[in-house]
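Secondary and tertiary structure notes
Residue strings, one per chain:
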Amino acid sequence: QFAHIIVTKRISDKFFEFEEGRDGTTYRNPSSGTMVCSDIVSGSFEYFICAQNVTQGTAKPTRYQVVHNTTKLSADTFYCLTFQQCFNYYNWTGAIRTPACVQYAHKLAYLAGQTFQDQIHVNLENFLSYI
């Protein structure tokens, strides 16, 4: 069984919570765990999660698109799994914006890009791990 999920963190969408008080309506960043899975998403299996708690600036959600799913997991299971993975990053005590496995892949790709800037050895050019 396999599920292919595309995680997009560079998006321009922003969500706000509003609160009506004596002074009128105030807008603030959504709280940690805010999930949007209806109204603004496409007809496919797509959702947004604001996993991190933002105290300065504007919170930006992360977009998840399930493009292939042969598992028998429900949509709620996908929501919980991706949200809980945002807490598994060892360099931070709270939630981060993306799941830990995505953050680790990002850091590894950046490290490899910084390390292998020179020409690679001619004997390594045909290995799939260096292409």
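A short tour of the structure in this document, coming up. (Residues numbered from 1 in each chain as written. Predicted model: local features only at pLDDT ≥ 70, side-chain atom pairs only at ≥ 80, totals over all residues. Heavy atoms only, no water.)

**What about the overall build of the protein?**
- Tallying secondary structure elements over the protein gives two helices and six strands in all.
- The C-alpha atoms of the protein give 19 Å as radius of gyration, which overshoots the globular expectation for 131 residues (14 Å, by more than 25%).
- For the protein, the spread of C-alpha atoms along the three principal axes comes to 70 × 35 × 25 Å.
- Considering only residue pairs separated by 6 or more positions, the protein has 50% of its internal contacts joining residues 24 or more positions apart.
- A total of about 9,500 Å² of accessible surface is found on the protein, and carbon and sulfur atoms cover 53% of it.
- Averaged over its 10 positive side-chain charges, the protein has a centre that lies 4 Å from the centre of its 10 negative ones. (Helix = DSSP H or I, 4+ residues; strand = E, 2+ residues; numbered from the N terminus. Rg over C-alpha atoms; globule rule 2.2 N^0.38 Å. Contact = heavy atoms within 4.5 Å. Areas by Shrake-Rupley, 256 points an atom, 1.4 Å probe, with all protein chains shown as cover. Lys, Arg positive; Asp, Glu negative; His and termini not counted. Charge placed at Lys NZ, Arg CZ, Asp CG, Glu CD.)

**A short note on the sheet that holds strand E1 (residues 3-8)**
- Reading across the sheet, the four strands line up as E1-E6-E5-E4 and stay open at both edges, with antiparallel pairing between neighbours. Each end of this open sheet is capped by a strand with a single partner; those strands are E1 and strand E4 (34-36). Strand-to-strand twist in this sheet, taken as the mean axis angle between neighbours without regard to direction, amounts to 25 degrees.
- As judged from the four bridges shared by strand E5 (residues 46-50) and strand E6 (residues 62-69), these two strands associate in the antiparallel manner. The partner of Phe-48 across the bridge, within E6, is Arg-63. (Pairing = 2+ DSSP bridges. Axes fitted to C-alpha atoms, helices over the stretch in contact; angles between N-to-C directions.)

**Brief notes about the pattern of salt bridges**
- Under the defined criterion, the tally for this structure stands at three salt bridges.
- A salt bridge links Arg-28 to Glu-19, with the shortest nitrogen-to-oxygen separation between them at 2.8 Å.
- Relative accessible area serves as the criterion here: at 41%, Arg-28 is assigned to the partly exposed category.
- Here Arg-63 ties to Glu-46 by a salt bridge, and the two come within 2.5 Å at their closest N and O atoms. Residue Arg-63 is located in strand E6, and its partner Glu-46 is located in strand E5; the two are separated by 17 residues in the primary sequence.
- Arg-63 sits in the partly exposed class, given a relative accessible area of 23%.
- What emerges from the salt-bridge pattern is a single network uniting Glu-17, Glu-19 and Arg-28. (Salt bridge = Lys/Arg side-chain N within 4 Å of Asp/Glu carboxyl O. Buried < 20%, exposed > 50% of the residue type's maximum accessible area, 1.4 Å probe, protein only.)

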